[in-house]
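# Breakdown of the fold
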Amino acid sequence: MINPLRWLRNFIGWFKEGIPLRGKIIIAVLLLIILSGGGYGAFRFYDFTQNNPKFCVSCHLMKPAFAAWEKSEHKGLNCHECHHLSIPDQNRLLVNFILKRPDKVPERHGKIIVPWKYCINCHWEKDERFPNAYKVNRSRIHAKHFFIEKMECSQCHGYIVHNFTPEERFCTKCHKDREVHGAGMEKLACLNCHTDRTPDLRPGRKKCLFCHGEEKIRKELIADATIDVKYFKPDKKTIEKAIKIDVPPNAPMQFFCYECHKPHKTVRPDWGHCLDCHKIIPEVGKHPIHIKVVGMVCKDCHKPHNWRVTEELAKKDCITCHEYRDPKRFIQ
């Protein structure tokens, strides 16, 4: 068996005594060139594997992911900015690819490929290389799901490979049976209604008026640039089709629209539910004869979103059944 140390000592002795000076210089230069070339080649190979996304696509299994990455918001990032594998993990993948020749990407088995701690390097902290990365610091939606519910970013962003903006109805992956029913709202995105503007993420009145109100409200919400209107605005056709309503500033009902309208159940209010709050109304003034005898419902006299029965309305509507009565005397 060759002893490496003895061989090295013999080589050094031969180099010192058996070769003329000129030959020693030539050999030293050749060795320097070989070592430098080898070192440079090793550096270029390492740099290619660690910093060039094209290395990842050298495995044919990654071609669909690479194509999706090229079209994504992250196309300017190197793969290793997000995907961090240890040297043993990298070698394990390489050996598995060479020996087993898989025809599809192995199952994750619940492993989070990109943990949140890498996402916040750009989307919470400031990274000068990516100044336009969206910051989630002031987002109630992220506060609810990330900080309170402890959800990983990839559960919503990237659950479809390299598709970082969630699909319009992605919320239903977790929020089962929360589809929207009726009145042309069936295909709306969840964030067409739910918003970053309210503490509980439910739609505020102005969010409903984004479709059902005037252009000035749409401009106001868009100027705020919250996530829901930045990425999930209803299209122009949907807005045009929406029934436009007028809610006077002094209307008596100042609560949120969803108190009456139940988009996940029945969009149109059940007028019997008015009595859930107005419990004694059926016994007050002239209400008993209108409700119990005639069989009228609230909206027959109280027009939605305005509600007050004014003298003008009374002269127009009440006379369809009887002669004019002063609405101020109705509850007496």
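As the structure is a computational prediction, the values presented were derived from the model and not from experiment.

Of the regular secondary structure elements, the chain holds 15 helices and zero strands. In the chain, the share of contacts with a sequence separation of at least 24, taken over all contacts with a separation of at least 6, comes to 56%. Looking at the chain as shown, the accessible area adds up to about 24600 Å², and 61% of this sits on carbon and sulfur atoms.

Judged by nonpolar contacts, I141, M151, C156, F170, C171, A189, C190, L191, L201, I227 and F232 together constitute the single largest core of 11 residues. In contact with A189, other than residues within four places in its own chain, are E168 and F232. Among the nonpolar cores identified, the runner-up in size contains eight residues, and F210, L221, I239 and A242 belong to it.

Geometry of an aromatic ring pair is reported as the spacing of the ring centres plus the angle between the planes. Inspection of every chain in the model, using the stated rule, returns six aromatic pairs. Between the aromatic rings of Y134 and Y231, the centroid separation amounts to 6.3 Å while the plane-to-plane angle is 75 degrees, which identifies the pairing as edge-to-face. Here Y231 lies in helix α11 (residues 227–231) and Y134 lies in the loop between α7 (116–123) and α8 (140–148), a separation of 97 residues in the sequence. Looking at Y134, the relative accessible area reads 23%, which means it is partly exposed. By relative accessible area, which is 40% here, Y231 ends up partly exposed.

On average, residues of the chain carry a pLDDT of 82, and 85% of them reach 70 or more. The spread of mean pLDDT over the elements of the chain runs between helix α1 (residues 4–17), the lowest at 60, and helix α10 (residues 215–224), the highest at 93.

In this section: the environment of P282. Note that P282 resides in the loop between α13 (274–277) and α14 (287–293). Apart from residues lying up to four places away in sequence, P282 is in contact with L275, H287, P288, I291 and K292.

A few words now on the environment of K187. Among the structural elements, K187 can be located in the loop between α8 and α9 (205–212). Sequence separation between K187 and R169 is 18 residues, and the spatial gap between their C-alpha atoms is 8.4 Å. When neighbours within four sequence positions are excluded, K187 is seen to be in contact with E168 and R169.

All right, on to helix α6 (residues 87–100) then. Between the first and last C-alpha of α6 there are 20 Å, a value that for 14 residues agrees with the 20 Å anticipated at 1.5 Å per step. Just downstream of α6 lies R101, where phi reads positive at about 50 degrees.

Here the focus is a nonpolar patch on the surface. On the surface, a nonpolar cluster with roughly 410 Å² of combined accessible area is contributed by L94, V95, I98 and L99. In this fold, V95 is placed in helix α6. Accessibility expressed as a relative area gives 45% for V95, which makes it partly exposed.

When we look at burial in helix α4 (residues 63–70), the residues that qualify are A65, F66 and W69. For α4, the arc enclosing every buried residue in end-on projection is 100 degrees, short of the 170-degree limit, so these residues lie on one face. The inward-facing, buried residues of α4 contact α3 (53–56).

Attention now goes to the pattern of salt bridges. Should their charged atoms come close, side chains of opposite charge can pair. Within this structure, the stated rule accounts for 12 salt bridges. With a shortest N-O distance of 2.3 Å, R169 and E179 are connected by a salt bridge. With R169 in the loop between α8 and α9 and E179 in the loop between α8 and α9, this pair connects stretches of sequence that are 10 residues apart. Here R169 falls in the partly exposed class, since its relative accessible area comes to 23%. When salt bridges with common partners are traced through the structure, they connect E81, D127 and R129 into a single cluster.

About the cut-offs
Residues numbered from 1 in each chain as written. Predicted model: local features only at pLDDT ≥ 70, side-chain atom pairs only at ≥ 80, totals over all residues. Heavy atoms only, no water. Helix = DSSP H or I, 4+ residues; strand = E, 2+ residues; numbered from the N terminus. Contact = heavy atoms within 4.5 Å. Areas by Shrake-Rupley, 256 points an atom, 1.4 Å probe, with all protein chains shown as cover. Core = buried A, V, L, I, M, F, W, Y, C linked by side-chain atoms within 4.5 Å. Buried < 20%, exposed > 50% of the residue type's maximum accessible area, 1.4 Å probe, protein only. Phe/Tyr/Trp six-rings, centres within 6.5 Å; stacked < 30°, edge-to-face > 60°. pLDDT = per-residue confidence, 0-100. Expected span 1.5 Å × (residues − 1). Patch = residues over 30% accessible without salt bridge, like charges linked within 9 Å, V, L, I, M, F, W, Y side chains within 5 Å. Salt bridge = Lys/Arg side-chain N within 4 Å of Asp/Glu carboxyl O. Arc of directions from axis to C-beta.

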